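# Observations on chain architecture
Chain residues, written in single-letter form:
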Amino acid sequence: MTTAMGAALRRIQLGNALSAFGNGFTVPYLYVYVAKVRGLGAGTAGLTLFTLAVAALIVLPFTGRAIDRRGPLPVAIVGTVSAAIGSLGLGLSSATPLVIASAAALGAGIAVIQPSLATMIVWCSTPLTRSRSFATQFFLNNLGLGLGGLIGGLMVDESAASSFIRLFAIEAVMFLVLGATVATVKLPEVPRVEDAVPTDGRPEGAWRTLLRDRSMVWLCVLGFVMFFACYGQFESGLAAYATEVTHVSPATLGIALFANTAAIVVTQFVVLKLVEGRRRSRVMALVGLIWTVAWVAAALSGLVHGAQAVATGLLISTYVLFGVGESMLSPTVAPLVADLAPASLIGQYNSAFALVKQLAMASGPLLGALLVGLGLSGVYVTLLIMCSLGITALALRLGRRLTVAQDNPFVARAQRARAMAPAEADERVPVAA
């Protein structure tokens with residue numbers, strides 16, 4: 001990696017961390033703000049959260065095409081402006097139509113920012129540095145969200161709408177800081193995608209090209225199950241199970257969420273050293289097994305009666321194990337998406353995978369909350385245990401479709417070096433007279 005690429009990558013990571021910091025000020029409090037502080041009721045609060053997800057689903061199919069045609073930098077700037085307008089709008093709105101419109105702008109902006117930043121990271125990294133780059137991004141995201149949530153919790157006052165306006169204003173400023181930071185980044189003229197699938201220019205049917213890529217389709221299926229089984233359950237299904245079945249207090253649930261973030265922050269770079277140089281498909285398969293244990297612990301927490309401390313410990317361990325699994329995926333999945341993509345379709349592949357994530361995170365809470373709400377907690381945890389085992393099976397199957405370079409770029413480099421060594425040695429042998 002050149003000095004210029006390293007400097008560009010550091011700016012991208014700094015802007016991303018500040019954006020996550022601002023986002024942490026509002027994420028935990030959006031529902032309470034709309035429903036209680038603005039007095040718009042639970043229905044409007046639910047519609048607001050739904051609008052955030054739907055807006056992302058609407059713009060993501062077009063985001064990849066824009067990134068590949070215009071470049072990730074201008075698309076990212078547009079996303080930060082939209083997110084800032086939406087965030088500030090939420091803080092200032094007191095009527096339902098304005099709240100919904102602001103949520104749509106915020107959701108669309110965030111959805112555009114994510115694949116744009118991912119594409120910028122790909123452009124500023126190489127196959128061998130990409131895992132560390134995405135792991136750093138994930139680490140800074142969680143650190144920023146955690147610190148933002150912590151400080152926001154100290155500033156917020158449910159009886160004063162002005163305190164929430166302040167939180168949303170901080171978030172809006174941080175989005176603008178992200179836009180200003182990435183605007184100063186000097187990207188390479190062409191992405192550094194070695195071992196990528198070759199193409200003759202940008203094909204007309206980008207989605208058709210992607211859907212013909214069986215490895216990418218398989219990774220998207222795997223990604224949907226992963227996001228459904230973990231991220232899609234945090235704020236609804238698992239939270240409902242914890243309070244309704246394990247009978248923990250909301251404060252304890254907050255501790256469990258903090259434990260998840262702490263596990264990521266503490267273990268990220270330790271885990272990175274362990275997974276670098278290993279087959280990506282095997283790492284993802286191991287995550288499935290870890291999350292299986294996590295869901296078994298959650299199931300046991302609901303079966304322990306008369307020992308609340310044990311039940312609470314089991315539930316917190318669920319969140320910790322999720323964090324360990326997440327820290328293993330961050331240097332694995334996103335770099336694999338980049339290595340599967342043709343050089344002219346990096347934005348399209350990143351956006352498609354972001355769309356899969358969004359679909360999983362929209363359907364996961366719906367099904368989880370429904371099953372627990374109907375008293376089918378046993379069915380709920382059994383379903384998630386099966387999903388986690390499915391991650392392992394799908395990952396191993398994916399591994400059989402990947403090339404050596406895609407599954408483990410470090411091994412591919414070593415093989416190339418060994419193949420080139422005899423030829424270089426022959427060139428050094430003096431020719432006999």
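It should be noted that the structure appears before, not after, this text.
Residues numbered from 1 in each chain as written. Predicted model: local features only at pLDDT ≥ 70, side-chain atom pairs only at ≥ 80, totals over all residues. Heavy atoms only, no water.

### Considerations on the overall build of the protein
The secondary structure content of the protein amounts to 19 helices and zero strands. Buried positions account for 52% of the 433 residues belonging to the protein. For the protein, contacts bridging at least 24 residues in sequence account for 85% of all contacts bridging at least 6. On the protein, roughly 18800 Å² of surface is accessible, and the fraction owed to carbon and sulfur atoms is 69%. (Helix = DSSP H or I, 4+ residues; strand = E, 2+ residues; numbered from the N terminus. Buried < 20%, exposed > 50% of the residue type's maximum accessible area, 1.4 Å probe, protein only. Contact = heavy atoms within 4.5 Å. Areas by Shrake-Rupley, 256 points an atom, 1.4 Å probe, with all protein chains shown as cover.)

### A closer look at the nonpolar core
Formed by 105 residues in total, the largest nonpolar core has its most connected members in Met120, Met216, Leu219, Leu222, Met284, Trp291 and Tyr380. Sequence-distant contacts of Tyr380, defined by excluding residues within four places in its chain, comprise Gln233, Gly237, Leu238, Tyr241, Trp295, Gly368, Leu371 and Val372. In this structure, Ala56, Leu60, Ala111 and Leu355 belong to the second largest nonpolar core, which totals five residues. (Core = buried A, V, L, I, M, F, W, Y, C linked by side-chain atoms within 4.5 Å.)

### Remarks on unusual backbone geometry
Across the chain, the bulk of peptide bonds are trans and the bulk of non-glycine residues have phi less than zero. Within the chain, His247 stands out as a residue other than glycine whose phi angle is a positive 65°. When you line up the elements, His247 lands in the loop between helix H11 (237-244) and helix H12 (250-275). Look at His247 and you get exposed, because its relative accessible area is 54%.

### Observations concerning the packing of aromatic side chains
How two aromatic rings sit relative to each other is set out by the distance from centre to centre and by the angle between their planes. Going through the model one piece at a time under the given rule, you end up with eleven aromatic pairs. Measuring from ring centre to ring centre gives 5.0 Å for Tyr33 and Phe168, while their planes differ by 50°; the resulting arrangement is tilted. Note that Tyr33 is positioned in helix H2 (residues 30-37) and Phe168 in helix H7 (residues 161-183), a separation of 135 residues in sequence. Each member of the pair, Tyr33 as well as Phe168, carries the same accessibility label: buried. Every member of this aromatic cluster is reached through a ring pair, and the members are Tyr241, Trp291, Trp295, Phe322 and Tyr380. Over the aromatic face of Tyr231 sits the side chain of Lys357, whose NZ or CZ is 5.5 Å from the ring centroid. One cation-aromatic arrangement involves Arg401 over Trp218; the distance from NZ or CZ to the ring centre is 5.4 Å. (Phe/Tyr/Trp six-rings, centres within 6.5 Å; stacked < 30°, edge-to-face > 60°. Lys NZ or Arg CZ within 6 Å of the ring centre and 35° of its normal.)

### Things to note about the environment of Ala369
Locating Ala369 in the fold gives a position in helix H16 (residues 346-373). With relative accessibility at 34%, the residue Ala369 sits in the partly exposed group. For Ala369, the contacting residues outside a window of four places in its chain are Ser236 and Gly237.

### Observations regarding the packing of H2 against helix H3 (residues 41-70)
Packed helix pairs are specified by the crossing angle of their axes together with the interaxial distance, meaning the distance between the axes. Close contact between H2 and H3 brings their axes to 8 Å; oriented N to C, the two are set at 145°. In the crossing of H2 with H3, the sense of the turn from one axis to the other is right-handed. Side by side, H2 and H3 meet where Leu30, Tyr31, Val34 and Ala35 of the first sit next to Gly41, Ala42, Thr44, Ala45, Gly46, Thr48, Leu49 and Leu52 of the second. Among the residues forming the contact of H2 with H3, the class breakdown is eight nonpolar, four polar and no charged. (Axes fitted to C-alpha atoms, helices over the stretch in contact; angles between N-to-C directions. Left-handed = near helix turned anticlockwise from the far one by under 90°. Nonpolar A, V, L, I, M, F, W, Y, C, P; charged D, E, K, R; others polar.)

### Examining a nonpolar patch on the surface
On the surface, Leu367, Leu370, Leu374, Leu376 and Val379 cluster together into a nonpolar patch covering about 430 Å² of accessible area. Tracing the backbone shows Leu376 in the loop between H16 and helix H17 (377-399). (Patch = residues over 30% accessible without salt bridge, like charges linked within 9 Å, V, L, I, M, F, W, Y side chains within 5 Å. Salt bridge = Lys/Arg side-chain N within 4 Å of Asp/Glu carboxyl O.)

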